[in-house]
Amino acid sequence: MKILSIETSCDETGITILNVTGSENNPVFEVLANNLYSQIKIHAQYGGVYPALAKREHIKNLPILLEKTLKKLKLEKSKKPIDMIAVTSGPGLEPALWTGIVFAKELSKKWNVPVVPVNHMEGHVLSVFAKNGKFKIPKIKFPALSLLVSGGHTELVLVKDWMKYKKIGETCDDASGEAFDKVARMLSLPYPGGPQVSKLSALGRKIKSISEITLPRPMMYSKNYDFSFSGLKTSVLYLIQKIGSLDEKTKIEIAREFEDSVVDVLTHKTIKAIQEHKIKTLIVAGGVSANTQLKKILKKKIKENNLKIEVLFPNKKLSTDNAIMISLVGYFRRKNKKTNIKANGGLSF
Ligand code: KG4
Ligand code: ZN
């Protein structure tokens, strides 16, 4: 079967066609076309995603991406080129989500094919198995734990079995990626700030200079699995105000200490959850999972604590938003066809 998937939850417009062959118990996936249009440049001037602009851009780009996708596969728009549509219904920016949903509904009527709504966060969980090509999903051991870290979310989710999720902790305020983006702005770095802060901090790690800059590790030792990154961001702001004008060396030191703080807190709680819930597989996903330091420290702590678990990260290109992960969830949720899909900005596990 061929699945067309649509992703418009934030600032990436994505359309993918996934072909599924093989048997029910041993499906083989192949991404036949994957078109992604990033609006980063448009939002960069505002230092973050501007919802009304995101909506306008999705509306403009969806038909263009569809055309490109069908053309690549020599499929005709007038005939029924696919068997099913999967569309992100939440969480995300509602005006942006609606553009994808309305587009999916129009195509569904035109081609007489069903539409399946997809939870974007489940997409990130499955993104660790996805490839922009041919792939199978390997057997993993349960229970698994998913650390989901993105621009809008930071949560720890227990995966008892496929499609059986239970959120055990989340951020009380800002998401970790959001904190990276806000600190980047304070350091006059462009949006999205995560990779920029990370690059700067890597310079600091090379120099190995002794820094006097220290930042808090918010909620690191709290008894639950919740996080808080808003106070950390404010600490950076006060620190910058106190220092006055920032030279390059101080910027590097702030970036490094900030990254250390986020990584310390995320790692500490993840290790605690692995131990308490006797986790056998760790899935780290979402935009911040591309952070090299997070990957390095998590693996180091897993080793130090003698935890015998498998650790899965997505391919770097699939760590941020894409439509491949949406098509994969669409396949597993294919029985959940809906005609009255609504955008749900706060959709949760
Ligand atoms: O998953 P994603 O593409 O979008 C959401 O669903 O939010 O994540 C984007 C977030 C941004 O906040 C970005 O700054 C962050 O992921 N990010 C990173 C890195 N690469 C992307 N944060 C830290 N280090 C990185 N290398
Ligand atoms: Zn995302």
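To start, this report covers the structure provided alongside it. This structure is a prediction, so every number in the text was calculated from the model and none was measured.

Right, let's talk about the overall build of the protein for a bit. A tally of regular secondary structure across the protein gives 10 helices and 11 strands. Taken over 349 residues, the protein has a buried fraction of 53%. Long-range contacts, defined here as pairs at least 24 residues apart, represent 75% of the contacts in the protein between residues at least 6 apart. When the accessible surface of the protein is split by element, carbon and sulfur atoms take 53% of a total near 16,300 Å². Each charge sign in the protein was given a centre, from 56 positive and 32 negative side chains, and these centres are 6 Å apart.

Further remarks concern the site of ligand 1. Surveying the vicinity of ligand 1 reveals 20 residues, the closest of which are G151, D181, G194, G287 and N291. Contact with the protein chains removes 89% of the 560 Å² of surface that ligand 1 exposes when unbound. Of all the cavities here, the one that holds ligand 1 is the largest pocket. Counting residues per element, the ones that place at least two in the shell around ligand 1 are helix 4 (120-126), helix 5 (176-186) and helix 6 (193-207).

Within the structure shown, the criterion is met by 18 salt bridges. We note a salt bridge from E67 to K77, for which the minimum N-O separation is 3.1 Å. Pair noted here: E67 is in helix 2 (residues 51-72) and K77 is in the loop between helix 2 and strand 4 (84-90), with a separation of 10 residues, a long-range link. Note on E67: relative accessible area 43%, which makes it partly exposed. The exposure class of K77 is partly exposed, given its relative accessible area of 34%. One salt bridge in this structure joins E178 and K182, with 3.1 Å as the shortest N-O distance. Here K182 and E178 lie together in helix 5, a separation of four residues that amounts to about one turn. Given a relative accessible area of 24%, E178 falls into the partly exposed group. A single salt-bridge network, built from bridges that share partners, covers D174, E178, K182 and K233.

Turning next to helix 9 (residues 292-304). Compared with the 18 Å implied by 1.5 Å per residue over 13 residues, the 18 Å span of helix 9 between its first and last C-alpha is a close match. Tucked into the core, helix 9 has its buried residues touching strand 7 (144-149), helix 6, helix 8 (248-276), strand 10 (281-285) and strand 11 (310-312). Where helix 9 begins, the side chain of N291 points an oxygen toward the backbone nitrogen of Q293, at a separation of 3.1 Å. In the stretch just after helix 9, N306 is the one whose phi turns positive, near 55 degrees.

This part takes up the packing of aromatic side chains. Any pair of aromatic rings gets described here by the distance separating the centres and the angle formed by the planes. Enumeration over the complete set of coordinates arrives at 10 aromatic pairs. Arranged with centres 5.2 Å apart and planes meeting at 75 degrees, the rings of Y331 and F332 form a pair that is edge-to-face. For F332, a relative accessible area of 31% corresponds to the partly exposed category. By way of ring pairs, the aromatic residues F29, F135, Y331 and F332 are connected into one cluster. Positioned over the ring face of F313 is K295, at 4.9 Å from the centre of the ring. Positioned above the aromatic ring of Y331, the side-chain terminus of R334 is 4.1 Å from the ring centre.

Moving on, we get to the sheet that holds strand 2 (residues 12-22). A sheet is described by the order of its strands in space; here six strands give the open sequence 5-4-1-2-3-6, paired in mixed fashion. Since the sheet does not close on itself, it has two edges, and those belong to strand 5 (115-119) and strand 6 (134-135), each with one partner. Across five bridges, the pairing between strand 4 and strand 5 is parallel. Among the inter-strand pairings, I85 is bridged to a residue of strand 5, identified as V115.

Procedures and definitions
Residues numbered from 1 in each chain as written. Chains lettered and ligands numbered in written order. Predicted model: local features only at pLDDT ≥ 70, side-chain atom pairs only at ≥ 80, totals over all residues. Heavy atoms only, no water. Helix = DSSP H or I, 4+ residues; strand = E, 2+ residues; numbered from the N terminus. Buried < 20%, exposed > 50% of the residue type's maximum accessible area, 1.4 Å probe, protein only. Contact = heavy atoms within 4.5 Å. Areas by Shrake-Rupley, 256 points an atom, 1.4 Å probe, with all protein chains shown as cover. Lys, Arg positive; Asp, Glu negative; His and termini not counted. Charge placed at Lys NZ, Arg CZ, Asp CG, Glu CD. Near = heavy atom within 4 Å. 1 Å grid on protein atoms, 1.4 Å probe; cavity = no way out; pocket = protein on both sides within 12 Å on 5 of 7 lines; lining within 4 Å. Sits in = over half its atoms within 2 Å of the grid points. Salt bridge = Lys/Arg side-chain N within 4 Å of Asp/Glu carboxyl O. Expected span 1.5 Å × (residues − 1). Polar contact = N/O pair within 3.5 Å; in protein donor to acceptor, adjacent residues only side chain to side chain. Phe/Tyr/Trp six-rings, centres within 6.5 Å; stacked < 30°, edge-to-face > 60°. Lys NZ or Arg CZ within 6 Å of the ring centre and 35° of its normal. Pairing = 2+ DSSP bridges.

By themselves, these figures tell us nothing about what the structure is for.
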